[in-house]
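As a plain string of letters, each chain reads:
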Amino acid sequence: MSTPRPRIPLRRLLLLTVITAAFAFALQALLAATNAPAAAAINILLVPPIAGAIIFAGLRPYPLAGRLRLAAMVAVALFLLGLSIG
């Protein structure tokens, strides 16, 4: 018999999404304001791991394997999105 998974409220997932998006927009605004020469590379290499870390830390009641999987999916998705936009 396996242990039941804790339920993660949809509100928590939406809040984590908003926090991650706010971080990404703030970083992009900061890079645009400072006119950083490697802004695109910083966005592609810095935003995905930090977004994954936010998701990982925000889902503490969830099992470790599930948190790692979701954090990795978020990081890879943002990396691929950054590559396709940039």
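Since the model is a prediction, treat every value here as computed from it, not as a measurement.

Engineer: Just give me the short version of the side chain of T20, but keep the residues and values in it.
Structural biologist: Within the secondary structure, T20 sits in helix α1 (residues 10–34). Look past the residues within four positions of T20 in its chain and what remains in contact with it is A51, I54, I55 and L78.

Engineer: Can you explain the environment of P61? Please cite residues and give values.
Structural biologist: As for its position among the elements, P61 is in the loop between α2 (39–58) and α3 (64–85). Accessibility expressed as a relative area gives 46% for P61, which makes it partly exposed. Between the alpha carbons of P61 and R11 there is a distance of 14 Å; along the sequence they are 50 residues apart. With sequence-adjacent residues up to four places away left out, P61 is seen in contact with P6 and R12.

Engineer: Can you tell me about the packing of aromatic side chains, naming the residues and giving the values?
Structural biologist: Applying the stated criterion across every chain yields a total of zero aromatic pairs. Over the ring of F56 we find R67, and its NZ or CZ is 4.1 Å from the ring centre.

Engineer: Please set out the environment of F79 residue by residue, giving values where relevant.
Structural biologist: Residue position: F79 is located in helix α3. With residues up to four places along the chain from it excluded, the contact list for F79 reads I44, L45 and P48.

Engineer: Please set out the environment of N43 residue by residue, giving values where relevant.
Structural biologist: With respect to the helices and strands, N43 occurs in helix α2. As a C-alpha pair, N43 and A53 span ten residues in sequence and 15 Å in three-dimensional space. The contact partners of N43, leaving out residues within four places of it in the chain, are L27, Q28, L31 and P48.

Engineer: Report on the packing of α1 against α2, specifying residues and quantitative values.
Structural biologist: Put simply, α1 and α2 touch, their axes get as near as 10 Å, and they point 155 degrees apart. By the angle between their axes, α1 is roughly antiparallel relative to α2. Here the hand of the crossing between α1 and α2 comes out right-handed. Residue-level contacts link R12, L16, I19, T20, F23, A24, L27, Q28 and L31 of α1 to A39, I42, N43, L46, V47, I50, A51, I54, I55 and G58 of α2. Residues of the contact of α1 with α2, tallied by class, amount to 14 nonpolar, four polar and one charged.

Engineer: Would you mind going over the nonpolar core in detail, with residue names and values included?
Structural biologist: For soluble globular proteins, the rule of thumb is that nonpolar side chains tend to be buried together. In terms of nonpolar packing, the biggest core is built from six residues, these being A24, L27, L31, A36, A39 and V47. Those elements that provide at least two residues to this core are α1 and α2. In terms of residue count, α1 provides more of this core than any other element does, three residues in total. Counting five residues, the second largest nonpolar core, distinct from the first, contains L16, I54, I55 and Y62.

Scoring rules and cut-offs
- Residues numbered from 1 in each chain as written.
- Predicted model: local features only at pLDDT ≥ 70, side-chain atom pairs only at ≥ 80, totals over all residues.
- Heavy atoms only, no water.
- Helix = DSSP H or I, 4+ residues; strand = E, 2+ residues; numbered from the N terminus.
- Contact = heavy atoms within 4.5 Å.
- Buried < 20%, exposed > 50% of the residue type's maximum accessible area, 1.4 Å probe, protein only.
- Phe/Tyr/Trp six-rings, centres within 6.5 Å; stacked < 30°, edge-to-face > 60°.
- Lys NZ or Arg CZ within 6 Å of the ring centre and 35° of its normal.
- Axes fitted to C-alpha atoms, helices over the stretch in contact; angles between N-to-C directions.
- Parallel < 35°, antiparallel > 145°, perpendicular 65-115°, else oblique.
- Left-handed = near helix turned anticlockwise from the far one by under 90°.
- Nonpolar A, V, L, I, M, F, W, Y, C, P; charged D, E, K, R; others polar.
- Core = buried A, V, L, I, M, F, W, Y, C linked by side-chain atoms within 4.5 Å.

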